[in-house]
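Descriptive structure summary
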Amino acid sequence: MCMTCGCGSEGVHLDGHKDDVGHEHEHVGTDGVVYRHAHRHHHHGSDVSHRHDAEPAVPREIRIERDILAKNDSFASDNRQRFEQEGVLALNLVSSPGSGKTSLLVRTLLALQGKTPVAVIEGDQQTSLDAERIRATGIAAVQVNTGKGCHLDAQMVQRALAEQAPTPESLLFIENVGNLVCPAAFDLGEAAKVVVLSVTEGDDKPLKYPDMFRAARLMLINKCDLLPHVQFDVQRVIENARRVNPGIEVIQLSAVTGAGVAEWLDWLEREFGAVKARRADSVAVLKRRVAELEAQLQAQHTFPANEPHDL
Amino acid sequence: MHELALAESVLQMVDEAARANGFRRVRKIVLEIGQLAAVDPAAMRFCFDAVVRETVADGAVLEIEEIPGRGWCVHCAAVVPMDDFVAACPQCGSFGVQSRSGRELRLKTLEVE
């Protein structure tokens, strides 16, 4: 049997000796990568199962001790570093389906038009309907279809960034797949997760899906224009959210009427300002360091190194 | 729900280990899953069985060590058991217990041949 993939366990014969006559084949891994590799075996027939008589199976233990999300986290950390270096404020918008994320995004993009450069990555299992809604505002949007996947991961975001790089000092909205469970576990490299909860969903959501509300920095309570028509206690939802995440910030708004949107735009401006300030600081630190090194080089030229040393 | 992605991730790590260590079959996979890691062990087993079919880990036993959640209360500074992120501190009754363990999601060891 092939060591890497388990292929060839049926219909291949091997009688224990090594032989240069082998076969090469390929197969597709679960990550979609095509693996191609050779078997240095002599195949005698197709009716006997694959055996390794000369190599008795001795079980041994291999210690791995690695985080299962390590690969995602390493892509996320690359993304985060890139965002920080380029002064991009990346926000991961999460919610259940139908909370009004895309409508809110469209309203936000229209409000920022002509003031701040913005890019959008849209995640959905199927269709590019959301990206088309975004593009209708004149903003560039990359649609990522996750297929069977219930969340975006950091590698998908990295691929989307390769397709359309955000301009330095800009806003990047990453609209995740509508799902209040899985996106909580996958860091994309964003500055913050923003959870959108609409008043038609019920004020107990933070208790039912605590991981998401714990992971988010800001909760936007959307569709507040519908409050007179639904049983939704705004104070209770805020209490519930702060039970799982005492530091969570909250803004109430309506993407349809525009009420409260100004407060959201202020929040964005504040966060964006902080990102730009950090970038300016790191550029200033780099410039200072360059100046120090230049001064050291200068000093070495001024005082030749062939002076006698005390030993 | 994301257990499928996690199971695929475990399989990728097993594949990498197979290339590095040259084993041809995995007999046992030991995972460490914290109680607060938002992963359902039963769902993990189901997805694992689905993704390992016809791979080096086909037929491997999946052993899951569950790590109990423990937290630190920011109000009374007690270290307390923590079943979820919603419960109040059992010592002083206030909310805001911060997790100290129970969020683990690790591939620990492989038994191979």
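Residues numbered from 1 in each chain as written. Chains lettered and ligands numbered in written order. Predicted model: local features only at pLDDT ≥ 70, side-chain atom pairs only at ≥ 80, totals over all residues. Heavy atoms only, no water.

**Points about the side chain of Ser99 of chain A**
Its location among the elements puts Ser99 of chain A in the loop between strand 6 (89-94) and helix 2 (101-112). Ignoring anything within four residues of it in the chain, the contact list for Ser99 of chain A reads Val196, Ser198, Glu201, Asn222 and Lys223 of chain A. (Helix = DSSP H or I, 4+ residues; strand = E, 2+ residues; numbered from the N terminus. Contact = heavy atoms within 4.5 Å.)

**Description of the interface of chain B and chain A**
Facing 44 residues of chain B, the contacting portion of chain A comprises 40 residues. Between chain B and chain A the total buried area reaches about 3,900 Å² when both faces are included, carbon and sulfur atoms providing 58% of it. Of all residues in chain B, the largest losses of buried area upon contact with chain A belong to Arg24, Phe85 and Val86 of chain B, amounting jointly to 18% of the total for that side. Viewed at the interface, chain A and chain B are joined by two salt bridges. (Buried area = accessible area lost by both parts, 1.4 Å probe. Salt bridge = Lys/Arg side-chain N within 4 Å of Asp/Glu carboxyl O.)

**A few points about the confidence of the model for chain A**
Residues and elements named next belong to chain A. Summing up the model confidence of chain A, the mean pLDDT is 83 and the portion of residues at 70 or higher is 79%. Here residues 1-25 is a poorly scored stretch, pLDDT under 50, and it has 83 contacts once near neighbours within four places are set aside; other chains count. Within the model, the stretch residues 32-53 combines pLDDT values under 50 with 72 contacts to residues more than four positions away or in other chains. (pLDDT = per-residue confidence, 0-100.)

**Some remarks on the pairing of strand 6 of chain A**
Every regular strand shows the same layout, with side chains that alternate between the two sheet faces. Residue and element names in this part refer to chain A. Counting buried residues along strand 6, six of its six residues qualify, which places the element largely inside the surrounding structure. Burial along strand 6 is two-sided: the residues Leu89, Leu91 and Leu93 and Ala90, Asn92 and Val94 are all buried. In this structure, strand 6 lies alongside strand 9 (residues 171-175), joined through five bridges in parallel fashion. Residue Asn92 lies in a different strand from strand 9, and its bridge partner there is Ile174. Sheet topology places strand 6 next to strand 10 (residues 192-198); four bridges connect them, and they run parallel. In the strand pairing of strand 10, Leu91 is matched with Ala192. (Buried < 20%, exposed > 50% of the residue type's maximum accessible area, 1.4 Å probe, protein only. Pairing = 2+ DSSP bridges.)

**Considering the pattern of salt bridges**
Counted under the stated rule, the structure contains 21 salt bridges over all chains. We note a salt bridge from Glu16 of chain B to Arg66 of chain A, for which the minimum N-O separation is 3.3 Å. Taken together, the positions of Glu16 of chain B in helix 1 (residues 3-21) and Arg66 of chain A in strand 5 (residues 60-67) put the pair across two chains. For Arg66 of chain A, a relative accessible area of 31% puts it in the partly exposed group. Counted as one network, the salt bridges with shared partners bring together Glu61, Arg63 and Glu65 of chain A together with Arg106 of chain B.

**A look at the sheet that holds strand 1 (residues 26-34) of chain B**
Overall, mixed pairing links the four strands, which are arranged 5(A)-6(B)-1(B)-2(B) in an open sheet. Looking at strand neighbours, the two that pair on one side only are strand 5 of chain A together with strand 2 (61-67) of chain B, the edges of this open sheet. Each adjacent strand pair in this sheet contributes to an overall mean axis angle of 15°, direction not counted. Pairing of strand 1 of chain B with strand 6 (residues 105-112) of chain B, which is carried by seven bridges, proceeds in the antiparallel orientation. Counterpart to Val30 of chain B in the pairing with strand 6 of chain B is Thr109 of chain B. Strands strand 1 and strand 2 of chain B of the sheet are contacted by helix 2 (residues 41-51) of chain B, whose axis makes an angle of about 160° with strand 2 of chain B. (Axes fitted to C-alpha atoms, helices over the stretch in contact; angles between N-to-C directions.)

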